[in-house]
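# Fold and contact review
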Amino acid sequence: RRGEMAKSTQLIDNEVFRAYATYTGIVLLKMMLMSLITAYFRITRKAFVNPEDTATFGKGESAKKFLRTDPDVERVRRGHLNDLENIVPFVGIGLLYALSGPELSTALLHFRIFAGARIFHTFAYLIPLPQPGRGLSWAVGYSVTFSMAYRVLKTAWLL
Amino acid sequence: RRGEMAKSTQLIDNEVFRAYATYTGIVLLKMMLMSLITAYFRITRKAFVNPEDTATFGKGESAKKFLRTDPDVERVRRGHLNDLENIVPFVGIGLLYALSGPELSTALLHFRIFAGARIFHTFAYLIPLPQPGRGLSWAVGYSVTFSMAYRVLKTAWLL
Amino acid sequence: RRGEMAKSTQLIDNEVFRAYATYTGIVLLKMMLMSLITAYFRITRKAFVNPEDTATFGKGESAKKFLRTDPDVERVRRGHLNDLENIVPFVGIGLLYALSGPELSTALLHFRIFAGARIFHTFAYLIPLPQPGRGLSWAVGYSVTFSMAYRVLKTAWLL
């Protein structure tokens, strides 16, 4: 049993894997934060999508007017979906990248730039900042994931 | 070659990892089920979004009336998207958590509560149950993922 | 330090895991490509959703007319979301499957069929091909993931 535990902690003892775990934890928590921001705007803007969510505002027609879209809610939701589209590939490819034996400094560079770019992207989306701020931060994160995918495919290639 | 296979099964021999694999399999299959439910409602409600999907119902104007949104279809799709937003962080953070060497009983507690909460969330969304049923089940799953992320970051932290 | 690196590359030395890494890299890159195709259609069709994205087309009312939905843009976005709904389970379940010690030939069969089905699905969605082309390719990818999940749960089952 002791041996099993030792085995299970091998990966987490590896520095590159620890860095991967840290940055994956950070970007996934950042993505989860979007749910809370959406809920905050839905409640303060009184803009819901499910009839059962408006029951506390009264019955019948008086509650129906809260079944509507709100620009702020929709903006957060677009940011959330963009996170899913970009953070999912980072998490999947990043794991394989971390297991492909890169230098710690190179791996940290990838992870730090990605996390920074995605955090900036969220601010750029929610404030919103004028373009090309959001577009560039998206492209930076995208390029980092692409660079990791290149190393993964070069190292692992078995079709 | 034998040695390689042995190596590859180390992780799956670890009990915490086996528990992770079981519950991840269950919640991902549950998420995949949402596609089937969406298809079921699209076909029974005759509510499609792609013109090529309505071709079996006739040509031209007679088929066009099936290009419409239906409340039941949209409800399942919202449940599906909510799954993506919450099960993706569970799968990613849960893997790192399982590799961080937690006690089996603590890990099982996390995985069981998350799976239970997400299965309840789906029923709460589709029936639908009155609030705060759905909201609470969402919050329970969210908290479990957050608790696992806390341990991952505490164990792995390397910025 | 050398020992750590050796440990970290164990998984990537395993042939089944290398095949998993290769096909996961391919399907995640394919999914990422959908972002570029969406951007291409948004720019060529001049159909945007964020006011700040239309600033280069002039100010005020003249830019507002580009805040609209376009059928081609929406079609790519639906393909992208369908990728998320299907590739996320493949990546998560596929990792556990690769660690469950399957025969290399069986694993390759699963990965190749899934990747082929999803690439076909994208073409079927974007061209678009008449049904049931897209539906069948979706079902094939879905079945492969289901088959891998069955083996994972059979091997790992610990509830």
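As shown above, the structure is provided for reference.
Residues numbered from 1 in each chain as written. Chains lettered and ligands numbered in written order. Predicted model: local features only at pLDDT ≥ 70, side-chain atom pairs only at ≥ 80, totals over all residues. Heavy atoms only, no water.

This part takes up the packing of helix α5 (residues 71–99) of chain B against helix α5 (residues 71–98) of chain C. The geometry of α5(B) relative to α5(C) is characterised by a closest axis approach of 11 Å and an angle of 30° between their N-to-C directions. In terms of orientation, α5(B) and α5(C) fall into the roughly parallel class. At the point where α5(B) passes α5(C), the crossing takes the left-handed sense. For the pair α5(B) and α5(C), contact is made by R77(B), H80(B), L81(B), L84(B), V88(B), V91(B) and L95(B) and by L81(C), L84(C), E85(C), V88(C), G92(C) and L95(C), respectively. Residues of the contact of α5(B) with α5(C), tallied by class, amount to 9 nonpolar, 2 polar and 2 charged. (Axes fitted to C-alpha atoms, helices over the stretch in contact; angles between N-to-C directions. Helix = DSSP H or I, 4+ residues; strand = E, 2+ residues; numbered from the N terminus. Parallel < 35°, antiparallel > 145°, perpendicular 65-115°, else oblique. Left-handed = near helix turned anticlockwise from the far one by under 90°. Contact = heavy atoms within 4.5 Å. Nonpolar A, V, L, I, M, F, W, Y, C, P; charged D, E, K, R; others polar.)

A separate point is the relation of the copies chain A and chain C. Aligned on chain C, chain A shows an RMSD of 0.0 Å; the corresponding rotation is 120° and the shift along the axis is 0.0 Å. In symmetry terms, the pair is related by a three-fold rotation axis. Comparing interface residues between copies, only 15% of those in chain A also lie at the interface in chain C; the contact surfaces differ. (Least-squares fit on C-alpha atoms with pLDDT ≥ 70 in both.)

Let us now look at unusual backbone geometry. Residues apart from glycine generally show negative phi values, whereas peptide bonds are mostly found in trans. Residue and element names in this part refer to chain A. The amide bond that connects Q131 to the next residue, P132, takes the cis arrangement and shows omega of 10°. Topologically, P132 is positioned in the loop between α6 (104–126) and α7 (133–156). For K46, which is not glycine, the phi dihedral falls at a positive 45°. Looking at K46, the relative accessible area reads 33%, which means it is partly exposed. (Buried < 20%, exposed > 50% of the residue type's maximum accessible area, 1.4 Å probe, protein only.)

This part is about the relation of the copies chain B and chain A. Mapping chain B onto chain A calls for a screw motion: a turn of 120° about the axis and a shift of 0.0 Å along it, with 0.0 Å RMSD after fitting. A share of only 15% of interface residues in chain B that are also interface residues in chain A marks the association as one of differing surfaces.

Counting 112 residues, the largest nonpolar core has F17(A), F111(A), F17(B), F111(B), F17(C) and F111(C) as the members making the most contacts within it. Top element by residues in this core is α5(B). It accounts for 12 residues. (Core = buried A, V, L, I, M, F, W, Y, C linked by side-chain atoms within 4.5 Å.)

Turning our attention to the packing of helix α3 (residues 15–44) of chain B against helix α7 (residues 133–156) of chain C. Where α3(B) contacts α7(C), the axes come no closer than 9 Å and their chain directions differ by 155°. It follows that α3(B) is roughly antiparallel to α7(C) by the angle criterion. α7(C) is crossed by α3(B), and the crossing has left-handed handedness. In contact with R18(B), A21(B), T22(B), G25(B), L29(B), M32(B), L33(B), S35(B) and L36(B) of α3(B), α7(C) contributes W138(C), Y142(C), T145(C), F146(C), A149(C), V152(C), L153(C), T155(C) and A156(C). Of the residues in the contact of α3(B) with α7(C), the class split is 12 nonpolar, 5 polar and 1 charged.

Right, let's talk about the interface of chain B and chain A for a bit. Contact with chain B, which involves 39 residues of that partner, is made by 41 residues of chain A. For the pair chain B and chain A, the summed buried area comes to about 3,300 Å², and 67% of that belongs to carbon and sulfur atoms. Remark: the boundary between chain B and chain A carries 3 salt bridges. In this structure, E52(A) and R134(B) form a salt bridge, with 3.4 Å as the shortest nitrogen-oxygen distance. (Buried area = accessible area lost by both parts, 1.4 Å probe. Salt bridge = Lys/Arg side-chain N within 4 Å of Asp/Glu carboxyl O.)

Turning our attention to the environment of S100(C). All names here are of chain C. Within the secondary structure, S100 is located in the loop between α5 and α6 (104–126). A relative accessible area of 5% places S100 in the buried class. Along the chain, S100 and T54 lie 46 residues apart, while their C-alpha atoms are 50 Å from each other. Among the polar contacts made by the side chain of S100, one reaches the main-chain carbonyl oxygen of Y97 at a distance of 2.7 Å. (Polar contact = N/O pair within 3.5 Å; in protein donor to acceptor, adjacent residues only side chain to side chain.)

Of the residues lining the interface, 39 residues belong to chain A; the matching set on chain C comes to 41 residues. Buried area between chain A and chain C, both sides added, is near 3,300 Å², and the carbon and sulfur share of it is 67%. Linking chain A to chain C there are 3 salt bridges. Its salt-bridge partner being D53(C), residue R134(A) comes within 3.0 Å of it at the nearest N-O pair. Where chain A packs against chain C, one counts 11 residue pairs in polar contact (both at pLDDT 80 or more). Those elements that place two or more of their residues in the side of chain A that touches chain C are α2 (10–13), α3 (15–44), α5 (71–98), α6 and α7 of chain A. Considering every element that reaches the side of chain A that touches chain C, the biggest residue donor is α5(A), with 11 residues. Along the lines of polarity and charge, the residues of the side of chain A that touches chain C split into 24 nonpolar, 8 polar and 7 charged.

A few words on a nonpolar patch on the surface. Side chains of L109(A), I113(A) and V140(A) sit close together on the surface and give an oily, nonpolar patch of about 240 Å² of accessible area. Relative to the elements of secondary structure, L109(A) occurs in helix α6. (Patch = residues over 30% accessible without salt bridge, like charges linked within 9 Å, V, L, I, M, F, W, Y side chains within 5 Å. Areas by Shrake-Rupley, 256 points an atom, 1.4 Å probe, with all protein chains shown as cover.)

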